[in-house]
Amino acid sequence: MVNTPPEQTNEEIVFHTPGRLAGALPYALQVAGLGAAHPGQEPVRKRYHDHVLLYALAGKGRVEIGGAVHVVEPGQVLWLDTARPYAHGATGEAPWRYLWMGLRGTGLDALYGLLEVSRLPLFAPEPGTHMEAAFASVLRLAREGGPATDVLANAEVALIVARLAAGRPVQAQGPNDRRIAALTEQMRANLVHPWRVEDLAGYSGLSPSQLFRAFRAATGTSPMDFLRHERITAAKRTLTDSTLSVADVAAACGYADPYHFSRDFRRLAGTTPTRFRSWFR
């Protein structure tokens, strides 16, 4: 189902709930869409803890990551880890239009580091790689849904990632990077667990202070802030894909107190859970 909030009539957003098979695949599609940013519009700063790949169709974009500013030209691909602070919007006089997708997968965090994406988030695919067609195909698969969506989308994403990686040298990954990647996967898989910093440190084999430094270096945020964003992201999908009450959605996403859930949801999503759900009904 295509979900378009009324105030975003120039955009298309299609949420996809991965099936059981997705856990066995390298790349799991979460959401895909067609985006449009207009000159003078407030930059996008939403944090979903997904890896977002964006293909620029027309106009020019401006993205800020870690204090650096990058201009996105048509035909380029931008890779964002939305767990890290960022902002992007249009630059120049024309609207910036792009295709995009949100992904998860056990290898994406590692590949992000190996390709130095935090420093070099832009890719310029070689002519003839049919990158636009691949992005459009992923959006079409998300729209159509069906039991084969996870497999077919995974195949398209694998080709996209392979083409991006082909032109970039791989950097070595340290032991702490691997520990943090494993930890974030564990947190995502067990959102209802009442995680404490001590639990996370014990799982990663680091002291709490070491964990904080390594986690921030790898993700740009703290472990508990990462978990908070991850739970709210899961709540967004549950709100759109189920008829559970807000209190039950809160419990399913790791919040024992619905009030704290609603407070975090409003702070991170900019609206209430009930209003967010109404956009997709």
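Attention here is on the structure that accompanies the text. (Residues numbered from 1 in each chain as written. Predicted model: local features only at pLDDT ≥ 70, side-chain atom pairs only at ≥ 80, totals over all residues. Heavy atoms only, no water.)

Let's talk about the overall build of the protein
Argument step 1. Assigned secondary structure in the protein consists of ten helices and nine strands.
Argument step 2. A compact globule built from 281 residues would reach a C-alpha radius of gyration of about 19 Å, and the protein, at 18 Å, matches this within 12%.
Argument step 3. Each principal axis of the C-alpha atoms in the protein carries an extent, and together these give about 50 × 45 × 40 Å.
Argument step 4. Taking all 281 residues of the protein together, the buried fraction comes to 47%.
Argument step 5. Pairs at least 24 apart in sequence give 73% of the contacts found in the protein among residues at least 6 apart.
Argument step 6. When the accessible surface of the protein is summed, it comes to about 13100 Å², and 55% of that surface belongs to carbon and sulfur atoms.
Argument step 7. Charged side chains of the protein number 30 positive and 26 negative; the gap between the two group centres comes to 3 Å. (Helix = DSSP H or I, 4+ residues; strand = E, 2+ residues; numbered from the N terminus. Rg over C-alpha atoms; globule rule 2.2 N^0.38 Å. Buried < 20%, exposed > 50% of the residue type's maximum accessible area, 1.4 Å probe, protein only. Contact = heavy atoms within 4.5 Å. Areas by Shrake-Rupley, 256 points an atom, 1.4 Å probe, with all protein chains shown as cover. Lys, Arg positive; Asp, Glu negative; His and termini not counted. Charge placed at Lys NZ, Arg CZ, Asp CG, Glu CD.)

Focus: helix H6 (residues 208-219)
Argument step 1. Helix length check: H6 (twelve residues) gives 16 Å between terminal C-alpha atoms against 16 Å at 1.5 Å per residue, within 8%.
Argument step 2. For H6, the full list of buried residues reads Leu-211, Ala-214, Phe-215, Ala-218 and Thr-219. Along the long axis of H6, the arc covered by the buried residues comes to 105°, so they all point the same way. For H6, exposure combined with an orientation more than 90 degrees from the buried face picks out Arg-213 and Ala-217.
Argument step 3. Looking one or two places after H6, you find Gly-220, whose phi comes out positive at around 85°. (Expected span 1.5 Å × (residues − 1). Arc of directions from axis to C-beta.)

Structural notes on the packing of helix H2 (residues 131-144) against helix H3 (residues 149-166)
Argument step 1. Viewed as axis vectors pointing N to C, H2 and H3 meet at an angle of 160°, and their least axial separation amounts to 10 Å. Considering their axes alone, H2 and H3 lie roughly antiparallel with respect to each other. Note on packing geometry: the crossing formed by H2 with H3 is left-handed. Contacts between H2 and H3 pair Met-131, Ala-134, Phe-135, Ser-137, Val-138 and Leu-141 from the former with Thr-149, Leu-152, Ala-153, Glu-156, Val-157, Ile-160, Arg-163 and Leu-164 from the latter.
Argument step 2. Each residue belonging to the contact of H2 with H3 can be placed in one class, and the counts come to ten nonpolar, two polar and two charged. (Axes fitted to C-alpha atoms, helices over the stretch in contact; angles between N-to-C directions. Parallel < 35°, antiparallel > 145°, perpendicular 65-115°, else oblique. Left-handed = near helix turned anticlockwise from the far one by under 90°. Nonpolar A, V, L, I, M, F, W, Y, C, P; charged D, E, K, R; others polar.)

Here we look at empty space enclosed by the protein
Argument step 1. Using the criterion set out here, one finds one cavity of 30 Å³ or more in the structure.
Argument step 2. Each pocket or cavity is described by its volume, and for the largest cavity that value is around 40 Å³.
Argument step 3. Taken together, Arg-47, Tyr-48, His-229, Ile-232, Thr-233, Lys-236, Leu-268 and Ala-269 make up the full set of residues lining the largest cavity.
Argument step 4. Those elements that provide at least two residues to the lining of the largest cavity are helix H7 (223-241) and helix H9 (258-269). (1 Å grid on protein atoms, 1.4 Å probe; cavity = no way out; pocket = protein on both sides within 12 Å on 5 of 7 lines; lining within 4 Å. Points joined across faces, edges and corners; volume = space filled by probe spheres on them.)

Some points on the pairing of strand S2 (residues 28-37)
Argument step 1. Most of S2 is tucked away, with nine of its ten residues classed as buried.
Argument step 2. For strand S1 (residues 12-15) and S2, the ladder comprises four bridges, and the chain directions are antiparallel. Counted as the bridge partner of Phe-15 is Val-31 from S2.
Argument step 3. Across nine bridges, the pairing between S2 and strand S8 (residues 96-104) is antiparallel. Paired with Ala-37 across the two strands is Trp-96, which belongs to S8. (Pairing = 2+ DSSP bridges.)

Regarding H2
Argument step 1. Over its 14 residues, H2 runs 20 Å from end to end, which matches the ideal 20 Å to within 8%, given 1.5 Å per residue.
Argument step 2. Among the residues of H2, those classed as buried are Met-131, Ala-134, Phe-135, Ser-137, Val-138, Leu-139, Leu-141 and Ala-142.
Argument step 3. Contact partners of the buried residues in H2: S1, S2, strand S3 (51-58), strand S6 (77-81), S8 and H3.
Argument step 4. After H2 finishes, the residue Gly-145 shows a positive phi value of roughly 65°.

Side note on the sheet that holds strand S9 (residues 122-123)
Argument step 1. The strand order S1-S2-S8-S3-S6-S9 describes an open sheet built from six strands, whose pairing is antiparallel. Of all strands in the sheet, those bounded by a partner on one side alone are S1 and S9.

Focus on the pairing of strand S5 (residues 68-72)
Argument step 1. The sheet contact formed by strand S4 (residues 60-65) and S5 spans five bridges and is antiparallel. Residue Ile-65 lies in a different strand from S5, and its bridge partner there is Ala-68.
Argument step 2. Taking the residues between adjacent antiparallel strands as the criterion, S4 and S5 are bridged by two residues, where Gly-66 takes a positive phi near 55°.

Some points on the nonpolar core
Argument step 1. Counting 29 residues, the largest nonpolar core has Leu-29, Leu-53, Trp-79, Met-101, Phe-135, Ile-160 and Leu-164 as the members making the most contacts within it.
Argument step 2. When residues of this core are assigned to their parent elements, the largest contribution, seven residues, is made by H2.
Argument step 3. Aside from chain neighbours lying at most four places away, what touches Leu-29 is His-16, Pro-18, Met-101, Gly-102, Leu-103, Val-138, Ala-142 and Ala-153.
Argument step 4. Ile-180, Leu-200, Ala-214 and Phe-215 belong to the second largest nonpolar core, which has 27 residues in total. (Core = buried A, V, L, I, M, F, W, Y, C linked by side-chain atoms within 4.5 Å.)

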